[in-house]
Amino acid sequence: MNALFTLPFTAIGRADHDRVGGKCASLGEMTQAGVAVPPGFAVTTDAYASMLANHGLKDEIARALSRVDPDDFDAVDRAAQAIRIRIRSHRMPADVESAIRDAYAAMCAEIGADMPVAVRSSATAEDMPDASFAGQQDTYLWVIGADAVVEKVRDCWASLYTTRAVAYREKQGIDHGDVLMSVAVQKMVNARAAGVAMSLDPNTGDRTRIVIDASWGLGEMVVSGVVTPDNYSVEKVLGEIIDRKISDKHVELVGDPARGEAVEREVDAARRKTPCLSDDEVKAIAQLAKLLERENKCPQDVEWAIDADLPAGQNLLALQSRPETIWSRKAKEKPRNPYASGMAGIVHTLTNPYGAKQAKAAN
């Protein structure tokens, strides 16, 4: 494997974030921690930078965006679309393409045939506690064959310039040229069920609970909000299920090996209102979220899947773990000082037991 342009997950950790982006760094860290993760490799930011340099695209992109009014959505959309077309219109450098083909061939050697993979964007600015890049770049599922993998890697690079991503970086004051793109190429999971787990209650911020959303098939239906998922709440210390809501899960996303893509299909009537997880699976997912919170030292937003091809007890796979953003941001916000000004502050102090206690201590 060409260590400049590709790195296996087994060789990646947090220290490699600048070369592999948030998603791949997380996948590598989980792999090295012994968490069950579908195997794969990262196409490094060096490969993306080589693509830009080989065709003079970095300066071209900078010029195109410098002429755009960030408050003019239509102008941003036109510029972003033009940039994506330019990236897709160029062939990647020969040494980069060769490295990707070799790394994919090494994966396929394990099964003696082309392996279905997920090709997933991993930007250097995503999965950070103070940013919300999730879902802004592209992911491609059930990609089969080296030609298709190479094409989808280039498409992931281009997705760094979706209109949404460009507008977000403009709003946040992030220089477009400072954000680089890595790509994860990962063995495809034949998901019987999948979803997300939060190691706190996303509605209240309660860190004594783990909340799980789950549906049939691949988890994109849950993440995108297409289906109303089953919802479970688990007490974090004892690991007991304390609440559950079973929904009507009308569609699922499943792999179609013949077409080399994931397809949406209706869920048969017998499964629509049936729990997609057993109690043991719910508890196992909660334990996974708890472990990843402990490993990362902050609440986590975890994507997981139950692989239909693996035996029970070994079929839970972690697909991604990133810091939870909503409540972590609130924790950083400075609370308004209710005692700061005028009569309102005096009244609040006298009517608030904690405030009165503070005032008494001050005297």
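Residues numbered from 1 in each chain as written. Predicted model: local features only at pLDDT ≥ 70, side-chain atom pairs only at ≥ 80, totals over all residues. Heavy atoms only, no water.

*Asks:* Please provide a residue-by-residue account of the environment of Asp201, values included.
*Replies:* Take Asp201: it is sitting in the loop between strand 6 (191-198) and strand 7 (209-216). Along the backbone, Asp201 and Pro299 are 98 residues apart, and their C-alpha atoms lie at a distance of 10.0 Å. (Helix = DSSP H or I, 4+ residues; strand = E, 2+ residues; numbered from the N terminus.)

*Asks:* Go over the sheet that holds strand 4 (residues 139-143) with me, naming the residues and quoting the values.
*Replies:* Overall, antiparallel pairing links the 5 strands, which are arranged 1-2-5-3-4 in an open sheet. In this open sheet, the two edge strands, each paired with only one partner strand, are strand 1 (6-8) and strand 4. Recorded for the sheet is a direction-independent mean angle of 20 degrees between the axes of neighbouring strands. Where strand 3 (residues 117-123) and strand 5 (residues 181-187) come together, 7 bridges link them in antiparallel fashion. Residue pairing for strand 5: Val119 is matched across the bridge by Val185. Sheet contacts for helix 1 (residues 17-32): strand 1, strand 2 (40-43), strand 3 and strand 5; angle to strand 3, the most-contacted strand, approximately 125 degrees. (Pairing = 2+ DSSP bridges. Axes fitted to C-alpha atoms, helices over the stretch in contact; angles between N-to-C directions. Contact = heavy atoms within 4.5 Å.)

*Asks:* If you had to explain the packing of aromatic side chains to someone new, which residues and values would you point to?
*Replies:* The tally for this structure, following the rule as stated, stands at 1 aromatic pair. Over the ring of Tyr161 we find Arg169; its NZ or CZ atom is 5.1 Å from the centre of that ring. Against the face of Trp216 rests Arg271, its NZ or CZ located 5.0 Å from the ring centre. (Phe/Tyr/Trp six-rings, centres within 6.5 Å; stacked < 30°, edge-to-face > 60°. Lys NZ or Arg CZ within 6 Å of the ring centre and 35° of its normal.)

*Asks:* Account for the packing of helix 5 (residues 94-108) against helix 6 (residues 146-158), with residues named and values stated.
*Replies:* Packing of helix 5 against helix 6 leaves a shortest axis separation of 10 Å and a crossing angle of 125 degrees. Taken together, the axes of helix 5 and helix 6 are oblique relative to one another. In this structure, helix 5 meets helix 6 at a crossing whose hand is right-handed. Residues Val96, Glu97, Ile100, Arg101 and Tyr104 of helix 5 form the contact with helix 6, whose own contacting residues are Ala146, Asp147, Val149, Val150, Val153 and Trp157. When grouped by side-chain class, the residues that make up the contact of helix 5 with helix 6 number 8 nonpolar, no polar and 3 charged. (Parallel < 35°, antiparallel > 145°, perpendicular 65-115°, else oblique. Left-handed = near helix turned anticlockwise from the far one by under 90°. Nonpolar A, V, L, I, M, F, W, Y, C, P; charged D, E, K, R; others polar.)

*Asks:* Go over the pattern of salt bridges, please, and point to the residues and values.
*Replies:* According to the stated counting rule, one finds 23 salt bridges in the structure shown. Residues Asp147 and Arg101 are paired through a salt bridge, measuring 2.7 Å at the closest nitrogen-oxygen approach. Pair noted here: Asp147 is in helix 6 and Arg101 is in helix 5, with a separation of 46 residues, a long-range link. Residue classification places Arg101 among the partly exposed positions, given a relative accessible area of 28%. In this structure, Arg259 and Glu261 form a salt bridge, with 2.5 Å as the shortest nitrogen-oxygen distance. You can call Arg259 exposed: its relative accessible area is 55%. (Salt bridge = Lys/Arg side-chain N within 4 Å of Asp/Glu carboxyl O. Buried < 20%, exposed > 50% of the residue type's maximum accessible area, 1.4 Å probe, protein only.)

*Asks:* Describe the pairing of strand 11 (residues 261-266), naming the residues involved and giving the relevant values.
*Replies:* Both strand 10 (residues 251-256) and strand 11 contribute to a ladder of 6 bridges, which runs antiparallel. Bridge pairing links Leu253 to Glu264 in strand 11. What sits between strand 10 and strand 11 in their antiparallel hairpin is a turn of 4 residues, with Gly260 showing a positive phi close to 65 degrees.

These figures capture arrangement, not role.
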